[in-house]
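# Close look at the chain arrangement
Listed below, chain by chain, are the residues.
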Amino acid sequence: MRDLQHAPQPEPSPFEDPEAVVAPITRRTVTLGVSLLATAVLAAVALVVPTPYAMRSPGPTEDTLERNLIQIEGARTYESTGQLRLTTVSVLGGPGYPMMSGQVIQGWLDPQRSVLPVEAIFPEATTKEQQQEASQAEMVSSQESATAAALTELGYDVPAVLDVAGTEQGSGAEGKLEEGDVIKEFQGDPVGTYADLIDGLAATTPGDDVTLGVQRGKRTMDVTITTADNGQRAVLGVFIDPHYDFPVDVSIEIENIGGPSAGTMFALGIIDKLTPEDEANGQIIAGTGTMSPEGTVGPIGGIEQKLYGAVRDDAKWFLAPADNCDQVVGNVPDGLNVVKVSTLAQARDAVEQIGRGEGGDLPTCT
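Residues numbered from 1 in each chain as written. Predicted model: local features only at pLDDT ≥ 70, side-chain atom pairs only at ≥ 80, totals over all residues. Heavy atoms only, no water.

## A few points about the environment of Ala202
As for its position among the elements, Ala202 is in helix α4 (residues 194-202). A relative accessible area of 54% means that Ala202 is categorised as exposed. Along the primary structure Ala202 and Gln232 are separated by 30 residues, whereas in three dimensions their C-alpha atoms are 8.6 Å apart. (Helix = DSSP H or I, 4+ residues; strand = E, 2+ residues; numbered from the N terminus. Buried < 20%, exposed > 50% of the residue type's maximum accessible area, 1.4 Å probe, protein only.)

## Here we look at the sheet that holds strand β20 (residues 337-341)
What holds strands together in a sheet is hydrogen bonding between their backbones, with the strands either parallel or antiparallel. With respect to topology, six strands assemble into an open sheet ordered β6-β2-β4-β16-β19-β20, the strand pairing being mixed. Single-partner strands in this sheet number two, and they are β6 (114-117) and β20. Across the sheet, the mean angle separating the axes of adjacent strands is 35 degrees when strand polarity is ignored. Bridge count for strand β19 (residues 317-321) against β20 is five bridges, and the pairing is parallel. Residue pairing in the sheet places Ala320 in a bridge with Lys340 of β20. Along the sheet face, helix α8 (residues 344-355) touches β4 (83-92), β16 (284-287), β19 and β20 and points at about 165 degrees away from the line of β19. (Pairing = 2+ DSSP bridges. Axes fitted to C-alpha atoms, helices over the stretch in contact; angles between N-to-C directions. Contact = heavy atoms within 4.5 Å.)

## A short note on helix α5 (residues 263-274)
Here α5 contains 12 residues, and its C-alpha end-to-end distance of 17 Å stays within 8% of the 16 Å for a straight helix at 1.5 Å per residue. For α5, the tally of buried residues reaches 12 of 12 residues, placing the bulk of the element in the interior. Every buried residue of α5 is accounted for by Gly263, Thr264, Met265, Phe266, Ala267, Leu268, Gly269, Ile270, Ile271, Asp272, Lys273 and Leu274. (Expected span 1.5 Å × (residues − 1).)

## Topic: the pattern of salt bridges
Summed over the entire model, instances satisfying the criterion amount to seven salt bridges. One salt bridge in this structure joins Arg348 and Glu352, with 3.6 Å as the shortest N-O distance. Here Glu352 and Arg348 lie together in helix α8, a separation of four residues that amounts to about one turn. Residue classification places Glu352 among the partly exposed positions, given a relative accessible area of 23%. Close ionic contact of Arg356 with Glu358 constitutes a salt bridge, the shortest N to O distance being 3.2 Å. You can call Glu358 partly exposed: its relative accessible area is 42%. Salt bridges linked by common partners bring Glu153, Arg348 and Glu352 together as one network. (Salt bridge = Lys/Arg side-chain N within 4 Å of Asp/Glu carboxyl O.)

## So, the side chain of Arg56
Along the chain, Arg56 falls in strand β2 (residues 53-63). For Arg56, the residues in contact, after removing those within four places along its chain, are Val89, Ser90, Val91, Gln112, Arg113, Ser114, Leu116, Ile121, Gly301, Gly302 and Gln305.

## Remarks on the packing of α5 against α8
The interhelical angle for the contact between α5 and α8, taken along N-to-C directions, is 60 degrees, at an axis separation of 10 Å. Taken together, the axes of α5 and α8 are oblique relative to one another. As for how α5 packs across α8, the hand of that crossing is right-handed. On the side of α5, the interface is formed by Thr264, Ala267, Leu268 and Ile271, while α8 contributes Leu344, Ala347, Arg348 and Val351. When the residues that make up the contact of α5 with α8 are grouped by side-chain class, the tally is six nonpolar, one polar and one charged. (Parallel < 35°, antiparallel > 145°, perpendicular 65-115°, else oblique. Left-handed = near helix turned anticlockwise from the far one by under 90°. Nonpolar A, V, L, I, M, F, W, Y, C, P; charged D, E, K, R; others polar.)

## Re the packing of helix α3 (residues 128-153) against α5
For any two helices packed against each other, the geometry comes down to the angle between their axes and how far apart the axes lie. α5 packs onto α3 with a crossing angle of 40 degrees between their chain directions and a minimal axis gap of 8 Å. Overall, the two elements α3 and α5 adopt an arrangement that is oblique. For the element pair α3 and α5, the recorded crossing hand is right-handed. Between α3, through Met139, Ser142, Gln143, Ala146, Thr147, Ala150, Leu151 and Glu153, and α5, the contact on the second element is made entirely by Gly263, Phe266, Ala267, Ile270, Ile271 and Leu274. For the contact of α3 with α5, the residue count by class is nine nonpolar, four polar and one charged.

What follows is the structure, given as structure tokens:
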């Protein structure tokens, strides 16, 4: 009789638990699984839901001393070893381009970006096309004002026809000046440049009456206006649309950038090109700010993002409008020195001091 032999049994897999018990699939298990799946699907869908927000991010910077950005004819120009970089903001969202909720969350988590309601950046009921047209118009006006301010700062006379574009509601000019009027005289003195009008107002005590010689169509007349105080000087409450006759031909070629905030850096670039001094002297100086024809640096939006954009592009100095200091404090990236400026003359002086290595004592935002 043959011995009975047991067939060899396979060894248990090291990945299996020989004592494991498979749990039965219950209704509760199925319900939980379906709930988790539904939650995941809803969360994924929520990330792509359009929102009423727009986001600002650091945009590109441009060196206004780059060879072809500012072109000048009719005067000698000079080379520079430094850089004067205008700064920009990239905007995601707005008319025709809604932000998804996932993008909003990313923006909230990134200190270099800011998320705001759409209406805080774009006027209500504005289409994408209207916004682009307005932005380009602001850029053209900014270039003209920067050119007028720069040439005036350098001592040029800049003839201009001062058309009235409108009056401020509640001002002394309301109801007395009309759109299309041309200001010819101030207190009996001829007004041939924008600087003539500003100089006259600077010598006026706010609240005093002034007499303007105005051309309305084919008629000339005298109009008496009570001035107001804007905190710096007397003002008329009039929106002026100046038409310049520049003594030097300045053209600025820049693409895909709109708005008025590059005015200060345009003006500094023009001054640098028209003066033999190497003002920036190898330094990379960024900045922002609107520029009025009389040389006032005005505040802008998105300065926090512009600070980060400046550092990204190797700037060590940043010229900031004094009226933006509240947004600057607490938001300055490491390695960046911020100088506050209120006028083109101050901004020019700051560039010269930085170029000489003496920027340490310049005023900053505190």
